[in-house]
Amino acid sequence: MRVLVTGGLGFIGSHTVVALLENGYDVTVIDNLYNSKLVVKDRIKEITNKDFKTVIADVQDEKALDEIFKDKIDAVINFAGYKAVGESVKKPLEYYDNNLTLTFALLKKMREYGCHNFVFSSSATVYGNPERVPMYETDPVTDATSPYGETKVMIERILKDIAAVTPDFNCALLRYFNPIGAHKSGLLGEDPNGIPNNLLPYIAKVATGELKEVNVFGNDYDTPDGTGVRDYIHVVDLAKGHVLALKKLEQNPGLVIYNLGTGKGTSVLEMIHDYEEATGVKIPYVIKPRRAGDIATSYANCDKAAKELGFHCDYTVLDACRDGYHFQVEEAKRKKEGK
Ligand code: UD1
C-alpha cells in the first residue's frame, strides 16, 4: 500500500513516516520545509533502514502532485499546514488560505486519480471550551478559540460533507490531544524556531539552559493545583494511531472520528515535576497571568479508538519527558558541530 504523507518531515509527520515504514508501507513524502528540515529524511532512513520518495514542494504545487499521483497512491495522510495558534490570530487570512487551499488541492487530486482514503490531523481544539471532561467524539464541535483551530473545524466539516455524498470515500478525523516527546534514538523531535509557544518545547529549552525559567500561565484555574490540565500523548504512540487508522480505512468505513490521547490529564506543575523526575534537571518556574484563549482542562476519552482501532499508549508522560530531553540535548550537540 502506497501512502502519501504531506508534511512528512515535520514533528508528527516524521514519527508517522517511521511507523509506516516499520509496518511495511510504501511511503511518499511531500514537504515544503516551511517548518521542517531536509536532514530529517536521512534520520528517518537511519532509524528504519528503509528508503522512501521525498518531494520537496508545496502541496499547492499541482505539477508536483501530478508527479506523485501518477504512481498509484492508495491513501493520503495530511499533516501539512500552519499550526502556530498565536500567529494564526495575527494572520487569519494566511492561515485560512493556506490550510484550506492545500486541503482542497489534495482532495481534488485524490478524486482525479481515484484515491479514496484520507487521514486528517485534527485537534482537540475542535471541542472549544468543553462543558465537561473527558471529551468524547460525540461531543459538540464548537467555535475554536483561534483561526488555527477554526481551520480544523472547517476542514472537518468539509470532509463530512464530501463523505456524505461520496460512498467510496474513507476518511479518518484524528483529534490529537497534546503531542509531546521524541523518538528514542534522539534523531527526531520537536525543535521550533524562536521561543516556543507550547509547554514541552519551552520546558526543554529551560532544561538545556537556553531559557531561564518556565512561565506558568495561571494558577487560579478550577483544577486540583490551579494550573491548566492537558492530555499529553507521546508522539510515537500518536504515530502508531495513524497506522491503525489506515488499517481501519481498508475496511471501507466511510468517515470515522477518533480522539487520540491517553485519557489522563496532567497539570502544568505536575508536568514540570515529571520533567525533573525523568531527567534529573531542575526546572525553575514563575507564576504568570493566564494566557488568552486557554481553557482549564482538556483530556480525552479514548475508548472508541481502543475498541475500534486497538489503540493504546505504550509510553507515559515520564517517558515522553525523557525522550524529549534526550532529543534536545542531542540536537544541541549536532547544532554545535554544524550538523
Ligand atoms: C495548543 C492548541 C492545540 C494545539 C497544541 C499543539 C488551542 C486551544 N490549543 O494546545 O490546538 O494542537 O497547542 O501542541 O489552540 N503553558 C504554560 N507555559 C507555557 C506554555 C504553556 O503554562 O510557556 C500551559 C498552558 O496554559 C496550558 C498548557 O501549558 O495549560 C499546555 O499549553 P500548550 O503546550 O501551549 O498546548 P495547548 O494550549 O493545550
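Above this text is the structure in question.
Residues numbered from 1 in each chain as written. Predicted model: local features only at pLDDT ≥ 70, side-chain atom pairs only at ≥ 80, totals over all residues. Heavy atoms only, no water.

A.B. asks: I tried to follow the overall build of the chain on my own but got confused; where do I start?
C.D. replies: For the chain, the helix and strand inventory stands at 11 helices and 13 strands. For 339 residues, the compact-globule formula gives about 20 Å, and the C-alpha radius of gyration of the chain, at 19 Å, lands near that figure. Taken along the three principal axes of its C-alpha coordinates, the chain extends 55 × 50 × 40 Å. Considering the chain as a whole, with its 339 residues, one finds that 53% of them fall into the buried category. If you sum the accessible surface of the chain, you get close to 15300 Å²; carbon and sulfur atoms cover 51% of it. Of the side-chain charges in the chain, 41 are positive and 48 negative, and the distance between the mean point of each set is 2 Å. (Helix = DSSP H or I, 4+ residues; strand = E, 2+ residues; numbered from the N terminus. Rg over C-alpha atoms; globule rule 2.2 N^0.38 Å. Buried < 20%, exposed > 50% of the residue type's maximum accessible area, 1.4 Å probe, protein only. Areas by Shrake-Rupley, 256 points an atom, 1.4 Å probe, with all protein chains shown as cover. Lys, Arg positive; Asp, Glu negative; His and termini not counted. Charge placed at Lys NZ, Arg CZ, Asp CG, Glu CD.)

A.B. asks: When you look at the pairing of strand 4 (residues 75–78) in this model, what are you seeing that I'm missing?
C.D. replies: Side chains Ala75 and Ile77 project from strand 4 onto one buried face, and the interleaved Val76 and Asn78 project onto a second face that is buried too. Bridge count for strand 1 (residues 2–6) against strand 4 is four bridges, and the pairing is parallel. Across the sheet, threonine 6 pairs through a bridge with asparagine 78, a residue of strand 4. Note that strand 4 and strand 5 (residues 117–123) share four bridges and pair parallel. Counterpart to asparagine 78 in the pairing with strand 5 is phenylalanine 120. (Pairing = 2+ DSSP bridges.)

A.B. asks: Help me understand the sheet that holds strand 3 (residues 53–56), please; the structure alone is not making it clear to me.
C.D. replies: The strands making up a sheet associate through backbone hydrogen bonding, with each pair oriented either parallel or antiparallel. Overall, parallel pairing links the seven strands, which are arranged 3-2-1-4-5-6-11 in an open sheet. Edge positions in the sheet fall to strand 3 and strand 11 (255–260), since each of these pairs with one other strand and no more. Each strand of the sheet is rotated relative to its neighbour by a mean of 20 degrees, with strand direction disregarded. Across five bridges, the pairing between strand 1 and strand 2 (residues 26–31) is parallel. Residue arginine 2 lies in a different strand from strand 2, and its bridge partner there is aspartate 26. The strands that helix 8 (residues 235–249) touches are strand 1, strand 4, strand 5, strand 6 (170–176) and strand 11; relative to strand 6, the one it contacts most, it runs at about 160 degrees. (Axes fitted to C-alpha atoms, helices over the stretch in contact; angles between N-to-C directions. Contact = heavy atoms within 4.5 Å.)

A.B. asks: Help me out: how do you make sense of the layout of surface pockets in this one?
C.D. replies: To locate leftover empty space, one rolls a probe as large as a water molecule over the atoms. For the second largest pocket, the calculated volume is near 290 Å³. Lining the second largest pocket we find 18 residues, and of these Val18, Ala19, Glu22, Val236 and Lys240 sit closest to its centre. At the level of elements, helix 1 (11–22) and helix 8 are the ones that each hand at least two residues to the lining of the second largest pocket. A per-element tally of the lining of the second largest pocket places helix 8 first, with seven residues. Split into classes, the residues belonging to the lining of the second largest pocket amount to seven nonpolar, four polar and seven charged. (1 Å grid on protein atoms, 1.4 Å probe; cavity = no way out; pocket = protein on both sides within 12 Å on 5 of 7 lines; lining within 4 Å. Points joined across faces, edges and corners; volume = space filled by probe spheres on them. Nonpolar A, V, L, I, M, F, W, Y, C, P; charged D, E, K, R; others polar.)

A.B. asks: I would appreciate a short explanation of unusual backbone geometry in the present structure.
C.D. replies: Among all residues save glycine, negative phi is the norm, and among peptide bonds the norm is trans. Residues valine 133 and proline 134 are joined by a peptide bond in cis, for which omega reads -5 degrees. For proline 134, the position within the fold is in the loop between strand 5 and helix 6 (147–165). Phi angles above zero are rare outside glycine, and leucine 33 is one such case at about 60 degrees. Position of leucine 33 relative to the elements: it lies in the loop between strand 2 and helix 2 (39–48). Of note in this structure, asparagine 49 is not a glycine but carries a positive phi near 60 degrees. Assignment of secondary structure puts asparagine 49 in the loop between helix 2 and strand 3. Overall, the relative accessible area of 72% leaves asparagine 49 in the exposed class.

A.B. asks: Would you mind showing me how to read the packing of aromatic side chains here?
C.D. replies: Each aromatic ring pair is described using two quantities: the centre-to-centre distance and the angle formed by the ring planes. Enumeration over the complete set of coordinates arrives at five aromatic pairs. Ring plane angle 35 degrees and centroid distance 5.7 Å describe the contact between phenylalanine 69 and tyrosine 113, whose orientation is recorded as tilted. With phenylalanine 69 in helix 3 (residues 62–70) and tyrosine 113 in helix 5 (residues 92–113), this pair connects stretches of sequence that are 44 residues apart. With relative accessibility at 2%, the residue phenylalanine 69 sits in the buried group. Aromatic rings pair up to connect Tyr34, Tyr82 and Tyr95 into one cluster. (Phe/Tyr/Trp six-rings, centres within 6.5 Å; stacked < 30°, edge-to-face > 60°.)

A.B. asks: Which parts of the structure should I look at to understand the nonpolar core?
C.D. replies: One broad trend across soluble globular proteins is that nonpolar side chains are buried collectively. By size, the foremost hydrophobic cluster in this structure holds 39 residues, and its most contacted members are Val5, Val17, Leu20, Val27, Ile44, Leu174 and Leu246. Considering every element that reaches this core, the biggest residue donor is helix 8, with eight residues. If we skip the residues at most four places from it in the chain, valine 27 touches Val3, Val5, Val17, Leu20, Leu21, Phe52 and Lys53. Ranked by size, the runner-up nonpolar core spans 26 residues in total, among them Ile30, Leu106, Met110 and Cys115. (Core = buried A, V, L, I, M, F, W, Y, C linked by side-chain atoms within 4.5 Å.)

A.B. asks: Where do I start with the environment of phenylalanine 118 in this structure?
C.D. replies: For phenylalanine 118, the position within the fold is in strand 5. Taking the C-alpha atoms as reference points, phenylalanine 118 and leucine 38, 80 residues apart in sequence, are found 25 Å from one another. Apart from the residues within four sequence positions on either side, phenylalanine 118 is in contact with Val76, Asn78, Thr103, Leu106, Leu107, Met110, Leu159, Phe169, Asn170, Cys171, Ala172 and Leu249.

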